[in-house]
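If you want the building blocks of each chain, they are given just below.
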Amino acid sequence: MQVQQPPTQRPDSMISALMPTYKRADLAFERGEGSWLQTSDGRRFLDFAAGIATCSIGHAHPKMVEAVSTQAAKVMHVSNLFQIPQAEKLARRLVENSFADSAFFCNSGAEANEGMVKMARRAQMMAGHPERTDIICMDGAFHGRTLAMLSATGNPKYLEGFGEPVKGFLHVPFNDIEAVKAAITPNTAAVMLEPIQGESGIKVASPEYLRALRALCDETSVLLALDEVQCGVGRTGRLFAHEWAGIKPDIVSTAKGLGGGFPIGAILTTETIAKSMTPGTHGTTFGGNPLACAAGNAVLDVILAPGFLDQVCTRAALLDELLDSLVADAPDIFAQRRGLGLLIGLRCVPAVGDVQGAAQNEGLLCVTAGDNVLRLVPPLTVSEEECRKAVALLVQAVSTLRKNHNNKTVLEPTA
Ligand SMILES: *Cc1c(COP(=O)(O)O)cnc(C)c1O
């Protein structure tokens, strides 16, 4: 009898136990405090990456440690079959401080955006327009990695190999009101965009554009859905970035900064839209559990405290000033500063990866973004001194980059 042999493993098929979906830096952090992270061998880094704009109140904030450890010792999870006072409290605070009347909690940005699209379509259906299912998205968008959000994102690089894109998402140029006007049809449910495009390079929607979008959506009964996963929860110096334009959206998704490092997402909306989400229309097992909401409430304790968001604006103004002179002094390295509040982009002249690496070698952590942009997203609790330190480290990084560049030029044989 022929026995099937297991295929022999080729040496080149060795795979790490942790799936290799990320290009990780060769750094492992053991602990953090405020705006600082420390490796097990004692090296300290100033953290202007903040877990990709997520550690909104810094590392090991005493309020967070207290809230999460106390809640964990009581009860972490009960399911949405029961009342969750921590979630009610978090929802009430978000509603009281925003355009919204009601909040739904989930676990991530992509999940919040999925729910936001469901709500837009469902509300249109309940208003007598089941044909209104199309979502107008923006070129350069990033909405997450689920199958539908890949289609909302629209970046062919992210879609490759994952089958037919999900139907119902179309794309228009960002910051172009005429393009949206031209794209609206009787089948349009919503316009969905980031008030500040994060992943594609810190591109800010102009306040005039957001106001024109609001007016256009009102005229056409199209819903305005904003992805504030990255720019929300105090990142720009207001609780939500759209507040700077003085508009009220219909639906907002948020996530990153809301849990200060604990996974939680939220969808905020108006009473009319929330009413269309009757029992059974949407759900999640983990979403809004007592532990996640304790973390969310700890974040709000800090960022809704009187004067805190003003302090974010003060820090942002200082960084803007310091970074503008850095850009002016180093036009060979930095082409432009952009962003709003503490969501800052520096468009680089050399490859952004090299600039990020040089900063990291000096002890400053930053994130790269599209369009060759270095993204600076410190904890919202960052101090004035830490802002000055970060720019000083960037100055050192610039001089190293120049030295390396000159060495290369010297070493390279002239043709
Ligand atoms: C990070 C991000 C997402 C995705 O969030 P996940 O928690 O990774 O699913 C969606 N939209 C924006 C604007 C983001 O920055």
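Reading the values: rules and limits
- Residues numbered from 1 in each chain as written.
- Predicted model: local features only at pLDDT ≥ 70, side-chain atom pairs only at ≥ 80, totals over all residues.
- Heavy atoms only, no water.
- UniProt positions renumbered as here; feature names shortened; annotations may be inferred.
- Helix = DSSP H or I, 4+ residues; strand = E, 2+ residues; numbered from the N terminus.
- Buried < 20%, exposed > 50% of the residue type's maximum accessible area, 1.4 Å probe, protein only.
- Contact = heavy atoms within 4.5 Å.
- Near = heavy atom within 4 Å.
- Polar contact = N/O pair within 3.5 Å; in protein donor to acceptor, adjacent residues only side chain to side chain.
- Areas by Shrake-Rupley, 256 points an atom, 1.4 Å probe, with all protein chains shown as cover.
- Core = buried A, V, L, I, M, F, W, Y, C linked by side-chain atoms within 4.5 Å.
- Domains from an automatic or database assignment.
- Buried area = accessible area lost by both parts, 1.4 Å probe.
- Salt bridge = Lys/Arg side-chain N within 4 Å of Asp/Glu carboxyl O.

Could you give an account of the UniProt feature "binding site: pyridoxal 5'-phosphate" (unreviewed entry) in the chain, naming the residues involved and the relevant values?
Summarizing the sequence annotation, UniProt attributes the feature "binding site: pyridoxal 5'-phosphate" (unreviewed entry) to Gly109, Ala110, Phe142, Asp227, Glu228, Val229, Gln230 and Thr285 in the numbering used throughout. These residues run over 177 residues, and the two farthest C-alpha atoms among them are 25.1 Å apart, placing them at more than one spot. Residue position: Asp227 is located in strand 10 (residues 223–227). In this structure Asp227 comes out as buried when scored by relative accessible area, which is 4%. Dropping the residues within four chain positions of it, Asp227 is found in contact with Asn113, Met116, Phe142, His143, Leu193, Glu194, Pro195 and Ser253.

A description of the site of the ligand should follow, citing residues and the corresponding values.
For the ligand, the full set of nearby residues is Ser108, Gly109, Ala110, Asn113, Phe142, His143, Gly144, Glu194, Asp227, Val229, Gln230 and Lys256. At 2.8 Å, a backbone N or O of Gly109 approaches an oxygen atom of the ligand. Within the backbone of Ala110, a nitrogen or oxygen atom sits 2.7 Å from an oxygen atom of the ligand. Expressed as a share of its isolated accessible area of 380 Å², the protein-covered part of the ligand is 81%.

Break down the nonpolar core for me, citing the residues and quoting the values.
Membership of the largest hydrophobic core comes to 86 residues, with the highest contact counts inside it found for Val191, Leu193, Ile303, Phe334 and Leu374. Residue contributions to this core peak at ten residues, all from helix 11 (residues 308–329). The residues that make up this core include at least three from each of domain 1 (29–60 + 307–406) and domain 2 (75–303). Once residues lying within four places of it in the same chain are set aside, the contact partners of Phe334 are Leu326, Val327, Leu346, Arg347, Cys348, Val349, Val355, Leu374 and Val398. In this structure, Met119, Ala189, Ala190 and Ile267 belong to the second largest nonpolar core, which totals 22 residues.

Can you tell me about the environment of Ala266, naming the residues and giving the values?
Along the chain, Ala266 falls in strand 12 (residues 265–269). Residues Ala266 and Met14, 252 residues apart in the sequence, show an inter-C-alpha distance of 39 Å.

Describe the domain arrangement of the chain, listing the residues and the values that go with them.
Along its sequence, the chain is carved into domain 1 (29–60 + 307–406) and domain 2 (75–303). Just the C-alpha atoms count here: the centres of domain 1 and domain 2 sit 27 Å apart. On the domain 2 side, the residues contacting the 27 residues of domain 1 number 26 residues. Taken over both partners, the interface formed by domain 1 and domain 2 buries close to 2200 Å², and the fraction arising from carbon and sulfur atoms is 66%. The three residues of domain 1 that bury the most area against domain 2 are Leu309, Leu340 and Leu343, which together make up 27% of that side's buried surface. Linking domain 1 to domain 2 there are one salt bridge. For the salt bridge of Arg375 with Glu199, the shortest nitrogen-to-oxygen distance reads 3.1 Å.

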